[in-house]
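Each chain, written out:
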Amino acid sequence: MSPADSGSKDVIRVALLGCGVVGSQVVRLLREQSDELAARVGAPIELAGIAVRRPQRHPEVPAELLTTDAAGLVARSDVDVVVELMGGIEPARDLLLDALKQGRSVVSANKALLAEEGEALATAARESGADLYYEASVAGAIPLLRPIQQSLAGDRIRRVAGIVNGTTNFILSAMESTGAGYADALEEAGRLGYAEADPTADVDGYDAASKAAILATLSFHTRVTASDVHREGIRDVTATDIASAKALGCSVKLLAICEQVDGDAGSTVSARVYPAMIPKAHPLASVSGAFNAVFVEADAAGPLMFYGQGAGGPQTASAVLGDLVAAARNKVIGGRGPRDTAYAHLPLQPVGEVRTRYHVNLDVHDRAGVLAAVASVFAEHGVSIATVKQEGGREKAAGPDDADADDAGHGGDAGTDATLVVVTHEAPDAALRATVDALSGLDSVRGVASVLRVEGLGRPVHALGGAQ
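To keep things clear, this report deals only with the structure shown in the data block. Everything numeric here is computed off the predicted structure, so don't read it as measured data. (Residues numbered from 1 in each chain as written. Predicted model: local features only at pLDDT ≥ 70, side-chain atom pairs only at ≥ 80, totals over all residues. Heavy atoms only, no water.)

1. Considerations on the pairing of strand β4 (residues 81–84)
So, step 1. Neither face of β4 is open: one carries V81 and V83, the other V82 and E84, and all of them are buried.
So, step 2. In this structure, strand β1 (residues 12–17) lies alongside β4, joined through 4 bridges in parallel fashion. From the neighbouring strand, A15 faces β4, where its bridge partner is V82.
So, step 3. Two strands pair when backbone bridges link them, and β4 and strand β5 (residues 105–108) are joined in this way by 4 bridges, in the parallel orientation. Counterpart to V82 in the pairing with β5 is V106.
So, step 4. As for the winding sense of the linkage, the β-α-β connection from β4 through helix α5 (residues 92–101) to β5 is right-handed. (Buried < 20%, exposed > 50% of the residue type's maximum accessible area, 1.4 Å probe, protein only. Helix = DSSP H or I, 4+ residues; strand = E, 2+ residues; numbered from the N terminus. Pairing = 2+ DSSP bridges. Right-handed = clockwise from strand over helix to strand, strands pointing away.)

2. Digging into the environment of G72
So, step 1. Positionally, G72 belongs in helix α4 (residues 70–75).
So, step 2. Under the relative-accessibility criterion, G72 is labelled partly exposed at 30%.
So, step 3. Taking the C-alpha atoms as reference points, G72 and L95, separated by 23 residues in sequence, lie 9.7 Å from one another.

3. What about the nonpolar core?
So, step 1. Core analysis: the biggest nonpolar cluster contains 78 residues, and L17, V82, L144, I171 and L215 have the highest contact counts within it.
So, step 2. Not counting residues up to four positions away in its chain, the partners in contact with L144 are E135, V138, A139, L215, V294, V296 and F306.
So, step 3. Listed in part, the 36 residues of the second largest apolar core include L30, V83, A136 and V332. (Core = buried A, V, L, I, M, F, W, Y, C linked by side-chain atoms within 4.5 Å. Contact = heavy atoms within 4.5 Å.)

Structure, rendered in structure tokens:
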């Protein structure tokens with residue numbers, strides 16, 4: 001009989017790996033809510049030990065609980081559940097695999113580890129009969145993974161799209177509300193504690209990509225890793241981009257988008273992270289500051305939105321404790337948590353096949369024939385233009401037949417510079433990228449100032465020149 005099936009536990013003993021911002025809050029909550037947690041579980045929860053690198057930095061924790069020997073703590077025979085909050089891939093991976101193989105249930109908030117090694121961990125849990133919970137790995141305190149995995153288990157999810165990184169959302173929200181540039185907004189985020197000293201994982205999209213991989217795996221029953229997710233960050237988003245989006249009735253958000261795409265050749269899974277304009281009419285556009293929100297679209301349930309604090313010590317600890325209660329209760333009653341369901345093995349859709357829209361900001365020479373030349377490049381690559389606007393000029397529908405109008409109405413000085421903003425209709429991403437590359441080679445184009453995708457996420461984008 002496996003440890004998961006034994007039941008009749010008088011006390012649940014927990015090994016905690018890591019006692020930083022989140023771990024210290026887990027310790028606090030275990031102390032403050034010990035009686036209530038025992039009532040919910042059916043047995044008291046006790047800390048067997050806490051593995052840390054520098055015990056002297058934790059004077060608030062009884063010395064007898066602290067150890068630098070994480071492997072030894074995991075191997076103790078009196079440990080029932082291992083809670084991992086140390087982060088990183090190693091040594092966390094080996095520690096959790098050892099715990100699961102020994103029948104200890106595991107609770108983790110480690111999105112990078114789950115995104116890369118989720119299959120190995122799920123296999124170890126399945127073979128030993130142990131539980132693997134990781135609600136806190138995505139969107140902090142927001143109950144999201146369990147509803148996807150359990151509440152929607154009888155439905156078919158079509159799309160999961162959302163804001164899953166609070167740092168980038170704070171930066172983009174600050175840029176929109178104050179008109180600040182990226183560097184100033186990042187500095188403010190750091191001053192207020194929303195950005196790490198090294199913000200690379202957040203601003204370059206690595207954090208969001210790991211979370212997108214987890215969401216795609218659960219939603220579409222197909223194993224997706226972080227390296228499978230197309231990833232772009234927000235470093236190149238400018239104050240001009242934010243202002244342009246606002247003028248068009250949009251907001252710029254770093255989105256994690258996971259979709260099941262059905263086609264003639266079968267279904268594929270798309271998983272991508274990038275900054276994009278979304279219409280103000282979409283609920284995600286109103287999510288500001290460091291908050292997270294995820295929009296789930298299912299066949300029967302329809303659209304569902306999950307919103308709340310996506311990070312922070314107490315908030316993430318709340319999700320960890322929820323998982324710990326579930327794992328502990330299973331130990332007491334002899335039950336088991338949900339199993340891994342990555343059975344579908346759907347192929348991944350290359351990002352070049354993803355159909356989206358582009359907002360392209362061009363620096364051009366304000367002279368006759370510029371609009372015709374630009375429109376011709378779009379036409380050559382099969383990309384239809386929805387609107388085009390020249391700064392100080394007019395906004396109109398455009399196409400390759402506009403040469404006469406361009407020559408007649410915009411015949412400026414050949415040495416004068418202007419800004420041309422083009423918004424496309426929906427087209428394959430590869431065609432849009434090829435168009436942008438070709439535009440850079442035009443004599444009349446001084447440079448491509450910025451490129452942003454436009455995502456309707458199921459909503460009409462009337463402000464940008466027509467419904468999607």
